[in-house]
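Here is how the chains run, residue by residue.
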Amino acid sequence: PNWVDSDLSMDELKALSKVASNGKPDQFDTITKLLDPSSPMAKLFSGAITQMTPGMLEGLKLFFVKQVSTIDPGVVLGDPATTEVVLTARNKSVESYFAKAIAAPKPPFSVAIFYGALHQQEIESALTMQYGYTLSEKRWFTAATADTHKVDAQGQMVYDMLVSQFSAKPGASK
């Protein structure tokens with residue numbers, strides 16, 4: 001296969017985030033810190049994970065699986081600026097690479113776009129509207145699962161704490 005990485009670089013994503021958030025902190029900043037192994041946040045997070053019991057780890061996993069599987073980008077990504085960077089800008093990058101590929105002197109016979117479920121609906125809609133394509137096949141692959149039976153009392157506490165933390169709106173008091 002002739003694979004092409006059509007995603008944006010981390011530097012491009014950071015620049016877009018700065019513009020989309022008007023230079024204010026957003027959820028993308030948190031994601032960036034968690035992905036940087038040298039950041040204090042990532043070190044704290046990884047240290048906490050090593051201290052968790054199996055039930056607590058399953059509660060953490062359950063939280064992430066539910067967050068990522070939620071189709072509402074506002075719920076998954078937390079704020080409009082992060083949605084713009086993580087979802088919309090990256091989808092536009094895929095669409096741009098696609099347009100270049102089919103405009104090439106020898107366009108590909110077929111194209112497959114592998115991306116997370118949150119991206120697919122917008123990409124599929126754009127390709128259908130712009131090029132008249134129809135979807136010939138849709139396959140879903142499970143990326144992660146969590147077993148609710150393995151979530152013990154401590155795991156439920158971890159899950160509830162994360163739900164409370166990430167569902168709180170900025171500036172809202174409880």
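Reading the values: the criteria
- Residues numbered from 1 in each chain as written.
- Predicted model: local features only at pLDDT ≥ 70, side-chain atom pairs only at ≥ 80, totals over all residues.
- Heavy atoms only, no water.
- Core = buried A, V, L, I, M, F, W, Y, C linked by side-chain atoms within 4.5 Å.
- Buried < 20%, exposed > 50% of the residue type's maximum accessible area, 1.4 Å probe, protein only.
- Contact = heavy atoms within 4.5 Å.
- Patch = residues over 30% accessible without salt bridge, like charges linked within 9 Å, V, L, I, M, F, W, Y side chains within 5 Å.
- Areas by Shrake-Rupley, 256 points an atom, 1.4 Å probe, with all protein chains shown as cover.
- Salt bridge = Lys/Arg side-chain N within 4 Å of Asp/Glu carboxyl O.
- Helix = DSSP H or I, 4+ residues; strand = E, 2+ residues; numbered from the N terminus.
- Polar contact = N/O pair within 3.5 Å; in protein donor to acceptor, adjacent residues only side chain to side chain.

## Quick look at the nonpolar core
Counting nine residues, the largest nonpolar core is built from Met52, Met56, Leu60, Leu62, Phe63, Val151, Val158, Tyr159 and Leu162. What leucine 62 contacts, discounting residues up to four positions off in sequence, is Ala146, Thr148, Val151 and Tyr159.

## Observations regarding a nonpolar patch on the surface
Together, Leu34, Met41, Phe45 and Phe64 line one region of the surface with nonpolar side chains, adding up to about 310 Å² of accessible area. Among the structural elements, leucine 34 can be located in helix α2 (residues 27–35).

## Points about the pattern of salt bridges
Inspection of every chain in the model, using the stated rule, returns one salt bridge. For aspartate 7, the salt bridge identified is with arginine 90, shortest N-O distance 2.7 Å. Residue aspartate 7 is located in the segment before α1 (10–20), and its partner arginine 90 is located in helix α6 (residues 80–103); the two are separated by 83 residues in the primary sequence. Note on aspartate 7: relative accessible area 28%, which makes it partly exposed. The buried category is assigned to arginine 90, whose relative accessible area is 15%.

## A closer look at the side chain of arginine 90
A polar side-chain atom of arginine 90 sits 3.2 Å from the main-chain carbonyl oxygen of valine 86. Here arginine 90 is in contact with Asp7, Leu8, Leu13, Val85, Tyr115 and His119, once residues within four sequence places are set aside.

In short, shape yes, function no, at least from these values alone.
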